[in-house]
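# Results of the structural survey
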Amino acid sequence: MKKAKRLYWIFTGLFIAFMLATSLSQVISAKGTEEIMTILKMPTYILPLLGISKLLAIVAILVPGFPKIKEWAYAGLMFDFIGATYSMIAVGGTIDKWGFMIVPIILCGLSYYFHDKILRTETENFLGRQTTNR
């Protein structure tokens, strides 16, 4: 259990750091972020919405409890990553343009995997204690 928690916090910390950097650049509509949206032929006015949504997802992941909301946050971020990757490929981007997207996808997946593993272990321990106390 300690190893799973340690790995969870390592992967989640890296993931959150990445998400903070990208979400803040979207919230303020940084020049580089707007250029990427232009290349993807997407409206730049959606950037602050995406950034704020990512910040809310970060909060949901970091706040203890609320397992269903955490799952929705992980799912929403994964949809964002997959959609962004698809968009980059669809406009003719080569792997050097979209290949880095594997990093947040893997970090998100590992963070969620260890979150789920910890949650399942805690539930099993709780249920095991309840049956032995009867």
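Being a predicted model, the structure only gives us computed values, none of them experimental. (Residues numbered from 1 in each chain as written. Predicted model: local features only at pLDDT ≥ 70, side-chain atom pairs only at ≥ 80, totals over all residues. Heavy atoms only, no water.)

## Re the pattern of salt bridges
Formally: By convention in these notes, a salt bridge is any Lys or Arg side-chain nitrogen within 4 Å of a carboxyl oxygen on Asp or Glu. Numbering goes from the N terminus for both helices and strands, where a helix is a DSSP run of H or I of at least four residues and a strand is a run of E of at least two. We call a residue buried when its accessible area falls under 20% of the maximum for its residue type, exposed when it is over 50%, and partly exposed in between, using a 1.4 Å probe and counting protein chains only.
Per the counting criterion, the structure on display carries 3 salt bridges. Between Lys5 and Glu122 there is a salt bridge, with the nearest N and O atoms lying 3.8 Å from each other. Of this pair, Lys5 sits in helix H1 (residues 2-27) while Glu122 sits in helix H6 (residues 102-132), placing them 117 residues apart in sequence. You can call Glu122 partly exposed: its relative accessible area is 36%. The partner of Asp116 in a salt bridge is Arg120, and the shortest N-O contact between them spans 2.9 Å.

## Re the layout of surface pockets
Worth spelling out the cut-off: The method works on a 1 Å grid over the protein atoms by themselves. A cavity is a set of points holding a 1.4 Å probe that cannot get out, a pocket is an open set with protein on both sides within 12 Å along at least five of seven lines, and residues with an atom within 4 Å of a point line them. Grid points are joined across faces, edges and corners, and a volume is the space filled by probe spheres set on the points. For this scheme, ten residues count as nonpolar: Ala, Val, Leu, Ile, Met, Phe, Trp, Tyr, Cys and Pro. Four count as charged, namely Asp, Glu, Lys and Arg, and the remainder, Gly too, count as polar.
The calculated volume of the largest pocket comes to roughly 430 Å³. Where the lining of the largest pocket is concerned, the elements lending two or more residues are H1, helix H2 (31-39), helix H3 (47-62) and helix H4 (67-90). Of the residues forming the lining of the largest pocket, the biggest block, 7 residues, is contributed by H4. The residue makeup of the lining of the largest pocket, split by class, is 14 nonpolar, 6 polar and 2 charged. Of all the secondary structure elements, the ones that give two or more residues to the lining of the second largest pocket are H1, H3, H4 and H6. A class-by-class count of the residues in the lining of the second largest pocket yields 9 nonpolar, 2 polar and 3 charged.

## Concerning the confidence of the model for the protein chain
Caution is warranted with low-pLDDT regions, since their predicted coordinates should not be read in detail. The line we're drawing: Confidence per residue, as judged by the predictor, is encoded in pLDDT with a range of 0 to 100.
Model confidence for the protein chain is summarised by a mean pLDDT of 92, while 96% of its residues fall at 70 or above. Looking across the protein chain, the model is least confident in H6, with a mean pLDDT of 87, and most confident in H3, with 97.

## Concerning H3
The cut-off we apply is this: One less than the number of residues in a helix, times 1.5 Å, gives the span that helix is expected to have. Residues are treated as being in contact if the distance between any of their heavy atoms lies within 4.5 Å.
Across its 16 residues, H3 extends 23 Å between first and last C-alpha, which sits within 8% of the 22 Å expected from 1.5 Å per residue. Here H3 has its buried residues at Leu47, Gly51, Lys54, Ala57, Ile58, Ala60 and Ile61. Lining the buried residues of H3 we find H1, H2 and H4.

## Topic: the environment of Phe18
Topologically, Phe18 is positioned in helix H1. Phe18 sits in the partly exposed class, given a relative accessible area of 27%. Each C-alpha atom, one on Phe18 and one on Lys41, is 24 Å from the other, the two residues being 23 residues apart in sequence.

## Points about H1
Note on helix geometry: an α-helix contains 3.6 residues per turn, so any two residues three or four positions apart are oriented the same way. Here H1 contains 26 residues, and its C-alpha end-to-end distance of 36 Å stays within 8% of the 38 Å for a straight helix at 1.5 Å per residue. Among the residues of H1, those classed as buried are Ala4, Tyr8, Phe11, Thr12, Phe15, Ile16, Met19, Ser23, Ser25 and Gln26. Positive backbone phi, at 50°, marks Ser29, one or two positions downstream of H1.

## A few points about the packing of aromatic side chains
Just so we agree on the cut-off: For Phe, Tyr and Trp, where Trp contributes only its six-membered ring, two rings pair if their centres lie within 6.5 Å, and the inter-plane angle classes them as stacked under 30 degrees, edge-to-face over 60, or tilted in between.
With the rule as written, the count across this model stands at 5 aromatic pairs. Here the aromatic rings of Tyr74 and Tyr112 are separated by 5.3 Å at their centres, their planes lie at 70°, and the arrangement is edge-to-face. With a gap of 38 residues between them, Tyr74 in helix H4 and Tyr112 in helix H6 connect regions that are remote in the sequence. Relative to Phe114, the ring of Tyr113 lies with its centre 5.0 Å away and its plane at 80°, an arrangement referred to as edge-to-face.

## Here we look at the environment of Trp72
Among the structural elements, Trp72 can be located in helix H4. Between the C-alpha atoms of Trp72 and Ile61, which are 11 residues apart in sequence, the distance is 9.5 Å.

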